Amino acid sequence: MMAEDNKTTYLSDYKPSDYVLATTELDAVFTPDAMDIKAILSFSLRDDVLVGTTLKLHGEHLELVRIAIDGRVLAEGEYFISEKHLEVFNPPRSFKLETTVRVKPESNKALEGLYRSSGVWCTQCEAEGFRRITYSYDRPDVMSVYTVRMEADKALAPVLLSNGNPVESGELDGNRHFAIWHDPHPKPSYLFAMVAGDLAHIEDNFTTMTGKPVDLAIYVEHGKEGQCDWAMDSLKRSMVWDERRFGCEYDLNVFNIVAVSDFNMGAMENKGLNIFNDKCILADPQTATDDDYEKVEAIIAHEYFHNWTGNRITCRDWFQLCLKEGLTVFRDEEFTSDERSRAVKRIIDARDLRSHQYAEDSGPLAHPPRPNQFKEINNFYTATVYVKGAAVVRMIQTYLGVETFRKGMDIYLKRHDGDAAIIEDFVKCFEDASGKDLSHLQKWYTVAGRPDVNVTHSYDGENKRLTIKLEQINKPTPGEPTKEPKFIPIRFGLVSDNGEDLSWESVSGANVDGDLMILDQASQTVVFEGVSSKPTLSLFRDFSAPVSVNSDLTLEDKLKLSRLDNDPFNRWDSLQNVALDILVPAAKVGGDDPTPQILGKLAEAFRSILIDDHVDSAFKALALSLPSQSVLAEHIGANVDPERIYNVRRAALSAIALMIEPELAEAYKSLLDDGSYSPDASSAGKRALKNQCLSLLLAADSDKGGQVAVAQYHAATNITDRSAALGALAASNHPEATQMLRHFRDNYCDSVLVFDKWLTLNAIIPDEGALDRVKSLMDDPQFNIENPNRVRSLVGGFAANQLQFGRKDGAGFQFVAELIADIDTRTPQLAARLLTLFRSFKQFESTRREVAKTALETLKNNPKLSPDCSDILERTLAG
């Protein structure tokens, strides 16, 4: 069922492999340039398949040196090799297929399969990279027990690592050595990993809840081992948390992590040998910001949690990708919530989902968490699969409750251990745990888009009756012109004038249990009897469902919720909605600027939160921010002018900041801290608030705020404060920005992690010279066009600079499109991900829309465009 170039693969076409692959034995001899890999694969025919059925295996970019069955070398007519497959004709019922292939890791710039990064051989096999290593089944439902022998020159590769447990190692002639690894747990090929190279490492150990010792190690390039302590600490905390929260105990004798410089993704959960992009491992106060520390913690946890939700239980086919990724994102969200602030984490997750996944839902790349077809699976590692998949899992927990959800997870982990599962298997476990039919919630996995929920309400004081009318609208998405109503769990409260939640005597029109109300029809009228006074509606508390809400709450109602709601998410969200109500009409083409009076109301709400001693600093930092330019564009929806959005937002921010400048200055001063750096949540929250105050002080008064920012930059003892000061200067296009960026480059960019930050800071300056500056940065000797981190930092930063990426003359669009064409010749996965920057181009006003379309059509005419990019481009232009 695997796709050929530009052919569509359908979920409905799934069928198991013809043969079972019980064991896989690999022997890899590492040598520079080209190297040989021997494989012995033990196959047996499935009972319902005819004897002699052709064995069809995956394989790409391989040179076949030898092929044999049970020791007998095959004649030329007994097999056939195509660009993507090896076919073996009329094999016996059970047999061992022996192959030797030659591969060239040095020239593999796609960063898939086996390649070499900074002198280190490493692998990346998800989704379909194993076929670049040897001929085999390369599909997630074929699970095999692996034994791997590795051999290399000791000087080039003193470290030899693979999945599972170490079995044997020893010396060989010619200053060579070998190591043998065995993984007792059957796994699909995408979880295979090998690393060979000269690496430093740190060690630690962990004892599981049943007393089993586990050796832990993190391997990095020499000189970077001092930046691994936070990652190791995060790993150990993750292991403890997973035992306590879900009863998941680690199952091997060793757990190794390797960090490499060239990596397409953030990290990969290979069984017992996680491979990471080094930016997701390395952290110290001079190279990693508070956000970086939290990301390292979360990604370490995510990949470790995959040991059960992804490895022990994998997915049957790639359509089920959200089964392992959505569930594991939910688990890492819960981990961070427990380790840090649950309220702040929920706000950040909702904000990020709205910023990224909502744009997918609204555009030509919309797809369900479990799609029913694809052309290129690499293009479905998306926000929809990951974060919307997590939101669906959270809705199951919201509906069933934490205790019943845990029972469902226990059933899932026990029932499907060792399985390649599907979404239906997962949902059935929660049905069995709860005794409830969850088919309505399961539809969230299979339908694209998000509902718009319209809310109107009235209160009858004489009869103490509250009436709420709810309507859900499910708009068409590509391939889905009509949709049925969704099952939407709504956490809610009826907020009184003193901030307490009001009770009621009875309710009709919806299934209501405590603070949970269910909307499952196209429209419902819900009537609460016995409500003592007129309430203010607080709906979708804790972001209980990923929907868009249009309510009849007034501006004053929302301001009231921002002060009084006992749900932190809705306090923040109400303030965001006030800002949207003010800014969206103004930011439209031809819109009127907001009046000082209306901005004053928002400023007063900011002031109220800023001076509230009972509010967490990290929450304050989030609350004192306006919706981003991309969020404003999403709400405008059509005829978007990024220049108008930028000007309106910037002017509003300046006006609001000026109104509360004394309080900002006082808060900033109170948060100055000369103590030693700590990445703990409380300290990070205080720095976040301090730096948000700094940004607002710059908006209030460029001269005075600029002086404060420059002073903070020079006094900073950590990269968080230093880059925040520099970022505030850059984002505001302050006259000091250029000089300070030059100073930063000359004094702090020896680490590529810091250099990446410098690239982004240069790219986000919203001046007319941004494009020329970005082009010149590509000539910096430290910039490497073949390294995904460098490219994402520079191009991603430039695309976030919507004023200049969306230049009216089209030069920004043309530059990025041409760069994508160049990158596509080496690293198609990276190029395709960059191409999604154009997914919302049809929202632009006509001039920008046409010049963006011209850039995309020029790219489409490139005859050498990869299947990855062709798929994204076709859907983007057609949507």
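Fair warning: this is a prediction, and the values are worked out from it, not measured in the lab. (Residues numbered from 1 in each chain as written. Predicted model: local features only at pLDDT ≥ 70, side-chain atom pairs only at ≥ 80, totals over all residues. Heavy atoms only, no water.)

(A) Layout of the packing of helix α18 (residues 719–731) against helix α19 (residues 737–748). Orientation of α18 relative to α19, taken along the N-to-C sense of each, is 150°, at an axis distance of 9 Å. Judged on the interaxial angle alone, α19 and α18 are roughly antiparallel. α19 is crossed by α18, and the crossing has left-handed handedness. Each of Ile719, Arg722, Leu726, Leu729 and Ala730 in α18 lies in contact with α19, whose residues at this interface are Ala737, Met740, Leu741, Phe744 and Tyr748. Of the residues contributing to the contact of α18 with α19, the split by class is nine nonpolar, no polar and one charged. (Axes fitted to C-alpha atoms, helices over the stretch in contact; angles between N-to-C directions. Helix = DSSP H or I, 4+ residues; strand = E, 2+ residues; numbered from the N terminus. Parallel < 35°, antiparallel > 145°, perpendicular 65-115°, else oblique. Left-handed = near helix turned anticlockwise from the far one by under 90°. Contact = heavy atoms within 4.5 Å. Nonpolar A, V, L, I, M, F, W, Y, C, P; charged D, E, K, R; others polar.)

(B) Fine view of the pattern of salt bridges. One pass over the full model with this rule turns up 77 salt bridges. In this structure, Arg465 engages Asp460 in a salt bridge whose closest nitrogen and oxygen atoms are separated by 3.8 Å. Residue Arg465 is classed as partly exposed on the basis of its relative accessible area of 27%. In this structure, Glu845 and Arg848 form a salt bridge, with 2.9 Å as the shortest nitrogen-oxygen distance. Residue Glu845 is classed as buried on the basis of its relative accessible area of 9%. In this structure Arg848 comes out as buried when scored by relative accessible area, which is 3%. When salt bridges with common partners are traced through the structure, they connect Arg245, Glu333, Glu334, Asp338, Arg342 and Arg394 into a single cluster. (Salt bridge = Lys/Arg side-chain N within 4 Å of Asp/Glu carboxyl O. Buried < 20%, exposed > 50% of the residue type's maximum accessible area, 1.4 Å probe, protein only.)

(C) The packing of aromatic side chains, seen in detail. Tallied over the full model, the rule gives 42 aromatic pairs. Measuring from ring centre to ring centre gives 5.8 Å for Trp241 and Phe246, while their planes differ by 70°; the resulting arrangement is edge-to-face. Phe246 gets classed as buried once you look at its relative accessible area, which sits at 2%. When the centroid spacing of 5.1 Å and the interplanar angle of 35° are considered together, the rings of Trp241 and Phe305 count as tilted. With Trp241 in helix α1 (residues 229–246) and Phe305 in helix α2 (residues 290–305), this pair connects stretches of sequence that are 64 residues apart. With respect to class, Trp241 is no different from Phe305; both count as buried. (Phe/Tyr/Trp six-rings, centres within 6.5 Å; stacked < 30°, edge-to-face > 60°.)

(D) Summary view of the environment of Ser628. Along the polypeptide, Ser628 turns up in the loop between α12 (617–623) and α13 (629–636). For Ser628, a relative accessible area of 28% gives the class partly exposed. Residues Ser628 and Tyr646 lie 18 residues apart in sequence; the distance between their C-alpha atoms is 9.4 Å. Among the polar contacts listed, one links the side chain of Ser628 to the side chain of Ser630, at a separation of 3.0 Å. (Polar contact = N/O pair within 3.5 Å; in protein donor to acceptor, adjacent residues only side chain to side chain.)

(E) Fine view of the sheet that holds strand β31 (residues 523–529). Pairing within the open sheet is mixed, and its five strands lie in the order β28-β31-β26-β25-β33. Pairing within the sheet leaves two strands with one partner each, and these edge strands are β28 (506–508) and β33 (548–551). Taking each pair of neighbouring strands and ignoring which way they run, the sheet shows an average axis angle of 20°. In this structure, strand β25 (residues 452–460) lies alongside β33, joined through four bridges in parallel fashion. Pairing of Val453 across the sheet is with Val549, part of β33. (Pairing = 2+ DSSP bridges.)

(F) Summary view of helix α11 (residues 596–610). In this model α11 runs 20 Å from its N-terminal to its C-terminal C-alpha over 15 residues, within 8% of the 21 Å that 1.5 Å per residue would give. If you follow the buried residues of α11, they end up packed against α9 (555–564), α10 (568–587), α12, α14 (642–659), α15 (661–671) and α16 (681–700). (Expected span 1.5 Å × (residues − 1).)

(G) Up close: the state of the cysteines. Tallying each qualifying case throughout the model produces zero disulfides. Cys228 provides the cysteine sulfur closest to Cys280, a residue in no disulfide bond, and the two sulfurs are 13 Å apart. The thiol of Cys749 is unpaired, and the distance to the nearest cysteine sulfur, on Cys280, comes to 19 Å. By relative accessible area, Cys749 is classed as buried at 1%. (Disulfide = S-S within 2.5 Å.)

(H) Highlighting the side chain of Arg571. Within the element layout of this structure, Arg571 appears in helix α10. Despite its burial, Arg571 pairs with no opposite charge, the nearest such side chain being Asp612 at 4.3 Å. (Lys, Arg positive; Asp, Glu negative; His and termini not counted.)

(I) Local environment of the pairing of strand β3 (residues 35–45). Both strand β2 (residues 19–29) and β3 contribute to a ladder of 10 bridges, which runs antiparallel. Residue pairing across strands places Tyr19 opposite Leu45, the latter belonging to β3. Between β2 and β3, which pair antiparallel and follow one another directly, the connecting turn spans five residues, one of which, Asp33, has a positive phi of 65°. Where β3 lies against strand β9 (residues 94–103), 10 bridges are found, and the strand directions are antiparallel. Bridging across to β9, Leu41 finds its partner in Leu97.

By themselves, these observations are geometric and do not establish any function.
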